[in-house]
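Architecture and fold: a report
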Amino acid sequence: MLYAKSIPTESIAEHTRLLLQGLDKLRSCYGKRIKADEEFWELLRLAVIVHDFGKVNLLFQNKLRRLLGEPELPCPVSPEGEIPHNYVSVALLPEKQLLLSREAWKLLVYAVGYHHERKTLPLRKDILEFMQNAVDRRLVEELFAEMNWSYEYEKPSNLLLNMLEKRQEAADEIKLDRAFFRRYVLLKGLLHRLDHAASAHVEVERGVDEHIGEKTLKFLSRYGIRPAQQFALEQRDVCTVMVASTGTGKTEAAMLWIDDAKGIITLPLRVSLNAMFTRLKDKHNVGVESLGLLHSGSFDYLSNLDFLDAEVSYQASRQLSEKLTLSTIDQVLKFPFLYRGFEKELATMVYTKVVVDEIQAYNPNIAAMLIKALETIAEMGGKFLVMTATLPNLYLEELRRRLRNRGISLAYGEFPNDDLLRHRIKLHDSELLESSDHIVQLGMNHKVLVICNTVDQAIRLYDELKRETGVLGLSVPVHLLHARFVKKHKMMLEQRITEFARSGWHLDKDEHGPGIWVTTQVVEASVDVDFDYLFTEVCTLDSLFQRMGRCYRVRPYISDEPNIHIFIRNASGIGHVYHKDITAMGVQLLREYEGVLLRESDKMEMVTRLYQRENLKDTEFLRKFDQALHLFDYIKMFDLSSQESQELLREISNVEVIPPKYWEEVAELRKRYIAETEPGKKRELRRQMEQYTVSLGVDAIKFRKIAVRPLEERGLEYMHWISHADVEYEFDEESLEGAGLRYRKSSDQY
């Protein structure tokens, strides 16, 4: 057998047949949306057939034979001299026999030769030498016969190897010729999709016949369609921006807009995506069957659900195979970095309807990337929906300008829910910590949410509230949620807060009663909770209005007393987490509305006024936004790896650390991981180790001079031991109480 894979054992021909089956399915399901001619589809079929020809080389075959315990084939080349098989595949193309145009050859060579992106670029002389010593012509002819390849073996083509060697130099040419760029992205990107799905033994497209829009209409028939939902339904064939208040049914509006297409919905926070996944899966809700979940902790979350096969669902989500996928943007929309391998994401967007929810929740660098991503999707023939409760005017005008320059129309609609007045604000020229007694008093009979700008501030307030309730002898429950809990505890707390203040609790018997939750931004966006009072440190208006959405979420507020308390003095994180000048300008706008019941249109108007380009002149916010747009407009293709672009997208890369409290548990799992050989079991052991990790920003670690050292085993290097001297960890799994990971020296910066 001429092997392609060892686990499970698969020949080159068998693996290729899986890709061809996937190609037929992809074209029959979404060919009309992809809008490509017959020549393109024939070229893609050709790319599929030849992409793994190079695996016939003796070094590759011997590598798999060793793993399978089979005798090796004679080969004069040492393993260190191996040339990656994707480059060898190009060397085996019969250039003289295949009658392709020069443009088609370029497309084919770039797609096949780089269907695995590698750090080391190929040199023609090295490939020619390798072909002479490590490729047996008889094996090649055997492969051609097994695959019914009707062409004869040819010596490597200098023309094609030159194209392969010069792809990096041709980057500007590829990017500037937009018609060629589209064909290039589709050919290489769809080859990636087909190859990765076949390797994972997942269908390239699942649930194709499931009609998301019809299911949503059926669900909404119980309640009636709201104006925002009707608008989304009417604009489902065009790129759309919709600004709609909480309670207007934005999620269902997005599903109506997606209609019968393949869809992706993005949100800023993983906890929000997890909650949406469970809700949409529920048969009493829309009941989406082919639903994917994609973020850095999605396997964890899926593994804790007892109504699906976590491994199958995870793999299908990773391959973007599901009819509808819920994802963070770093998984699907980072292609403006034009990193090596970006084509897979972008090619999928050509025939997928993309929803970006809560664009205002991202910093200006990421917002610029999203605007570039949306512009590119529209240019490639795809469709997008931006939906948000508040939208900075700066973003809207930039998006309009870019689409107008490309002759693409943009539908826009505003849907403030002014019939539901939910918030009366009070600004306090004092620190949040000074109001601990007020919080405790309200917490005796109400559900009180407190949001701090930094984790250290949240821990300080939690300690103070626990101390105060203890001194007064009060049995007021005080809970804490932030990003510095280990993964297993964070998941427990996210579930608990959702149960404690689930939206609509006031209509039924309340099983959880009053109490206080101290949190950070982790509950800020799209978490379906409903508290009676909000106490918060001041932050930028868009974030502040998101926080307010967790209080009186679906209820009218009729009291003359404020239910939103905003603390201005010495707020933590200003200048580090939130822009100082933007926050200060927002406070001035808020003062006009102090003490009155805020309408949703008032919030929209404030954000529009605040984020106008002329208001932002000379601010750090506008400088970063414009610089990022310029970067994405002129970025060079293939300079970055996928991982590097992900780290840039997150601005600060995170480090997964293991608190000293759990060293013994992790050490035992680590031993089992080292001894295990089966990939699925190794992944499960790695997942169990990850349950004991906390994600810390690199900048925070450097700022506090914390000592961390990585686990040395391959596949575990991203996890780190963290010094006893720098941190402590507190949490009781029975009561679900504790401060989580504390730094020995606290700060207001992070």
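Keep in mind it's a predicted model, so treat the numbers as computed, not measured. (Residues numbered from 1 in each chain as written. Predicted model: local features only at pLDDT ≥ 70, side-chain atom pairs only at ≥ 80, totals over all residues. Heavy atoms only, no water.)

**Section: the sheet that holds strand 16 (residues 597-598)**
- Taken in spatial order, the 7 strands make up an open sheet running 12-13-11-14-15-10-16, and their pairing is mixed. Strands with a single pairing partner mark the edges of an open sheet, and in this sheet they are strand 12 (478-481) and strand 16.
- Where strand 11 (residues 447-451) meets strand 13 (residues 515-519), 5 bridges bridge the pair, whose relative direction is parallel. Looking at strand 13, one finds that Ile 451 is bridged to Thr 519.
- Strands in contact with helix 24 (residues 541-548) are strand 10 (423-428), strand 11, strand 14 (533-537), strand 15 (564-567) and strand 16; relative to strand 14, the strand with the most contacts, it is inclined by about 155 degrees. (Pairing = 2+ DSSP bridges. Helix = DSSP H or I, 4+ residues; strand = E, 2+ residues; numbered from the N terminus. Contact = heavy atoms within 4.5 Å. Axes fitted to C-alpha atoms, helices over the stretch in contact; angles between N-to-C directions.)

**Some words on unusual backbone geometry**
- Residue Pro 8 follows Ile 7 across a cis peptide bond; omega there is -10 degrees.
- Located in the positive-phi region is Asn 570, a residue other than glycine, with phi close to 50 degrees.
- With respect to the element layout, Asn 570 can be found in the loop between strand 15 and helix 25 (580-591).

**Quick word on the packing of helix 2 (residues 38-50) against helix 10 (residues 178-199)**
- Put simply, helix 2 and helix 10 touch, their axes get as near as 10 Å, and they point 40 degrees apart. In terms of axis orientation, helix 2 runs oblique to helix 10. In the packing of helix 2 onto helix 10, the handedness of the crossing is right-handed. On helix 10, the residues that touch Glu 39, Phe 40, Leu 43, Leu 44, Ala 47 and Val 48 of helix 2 are Arg 183, Leu 186, Leu 187, Leu 190, Leu 191 and Leu 194. (Parallel < 35°, antiparallel > 145°, perpendicular 65-115°, else oblique. Left-handed = near helix turned anticlockwise from the far one by under 90°.)

**Overview of the packing of aromatic side chains**
- Counted by the stated rule, this structure contains 24 aromatic pairs.
- With 5.2 Å between their ring centres and 50 degrees between their planes, Phe 231 and Phe 415 make a pair best called tilted. A residue pair is termed long-range when its members are at least 10 positions apart, and Phe 231 in helix 12 (residues 227-234) and Phe 415 in strand 9 (residues 411-415) qualify at 184 residues. Across the pair, exposure class does not vary: Phe 231 and Phe 415 are buried alike.
- Note on Phe 500 and Phe 531: the rings are 5.9 Å apart at their centroids and 35 degrees apart in plane angle, and the pair reads as tilted. Linking Phe 500 in helix 23 (residues 487-500) with Phe 531 in the loop between strand 13 and strand 14, this pair joins segments that are 31 residues apart in sequence.
- With relative accessibility at 5%, the residue Phe 500 sits in the buried group.
- A residue is classified by how much of its surface remains accessible, and Phe 531, at 0% relative accessible area, is buried.
- One cation-aromatic arrangement involves Arg 167 over Phe 638; the distance from NZ or CZ to the ring centre is 3.7 Å.
- A cation over an aromatic ring shows up here: Lys 447 above the ring of Phe 500, its NZ or CZ 4.1 Å from the ring centre. (Phe/Tyr/Trp six-rings, centres within 6.5 Å; stacked < 30°, edge-to-face > 60°. Buried < 20%, exposed > 50% of the residue type's maximum accessible area, 1.4 Å probe, protein only. Lys NZ or Arg CZ within 6 Å of the ring centre and 35° of its normal.)

**Side note on the sheet that holds strand 18 (residues 694-697)**
- Judged by pairing direction, the sheet is mixed, and its 4 strands sit side by side in the order 18-17-20-19 without closing on themselves. The open sheet terminates on both sides in strands that have one partner only, identified here as strand 18 and strand 19 (708-710). Pairs of neighbouring strands in the sheet enclose a mean axial angle of 45 degrees, with direction left out of account.
- Across 3 bridges, the pairing between strand 19 and strand 20 (residues 719-722) is antiparallel. Bridged to Val 708 within strand 20 is Ile 722.
- Sheet strands in contact with helix 29 (residues 663-675) are strand 17 (654-658) and strand 20, and its direction is about 145 degrees off that of strand 20.

**Description of the nonpolar core**
- Tyr 184, Leu 333, Phe 342 and Val 450 are the most contacted members of the largest nonpolar core, which has 216 residues in total.
- Of all the elements, helix 10 adds the most residues to this core, at 11 residues. (Core = buried A, V, L, I, M, F, W, Y, C linked by side-chain atoms within 4.5 Å.)

**Here we look at the pairing of strand 11**
- With respect to burial, strand 11 is a largely interior element, 5 of its 5 residues being buried.
- Residues Lys 447, Leu 449 and Ile 451 line one face of strand 11 and the alternating positions Val 448 and Val 450 line the opposite face, and both faces are buried.

**Some details on the pattern of salt bridges**
- Evaluated as defined, the whole model comprises 63 salt bridges.
- For Arg 402, the salt bridge goes to Glu 375, with nearest N and O atoms at 2.8 Å. Separated by 27 residues along the polypeptide, Arg 402 in helix 20 (residues 393-405) and Glu 375 in helix 19 (residues 364-379) bring together distant segments of the chain.
- You can call Arg 402 buried: its relative accessible area is 5%.
- Here the salt bridges share partners, and the residues they tie into one network are Arg 178, Lys 372, Glu 375, Glu 379, Glu 398, Arg 401, Arg 402, Arg 406 and Asp 633. (Salt bridge = Lys/Arg side-chain N within 4 Å of Asp/Glu carboxyl O.)

Purely geometric numbers; function is a separate question.
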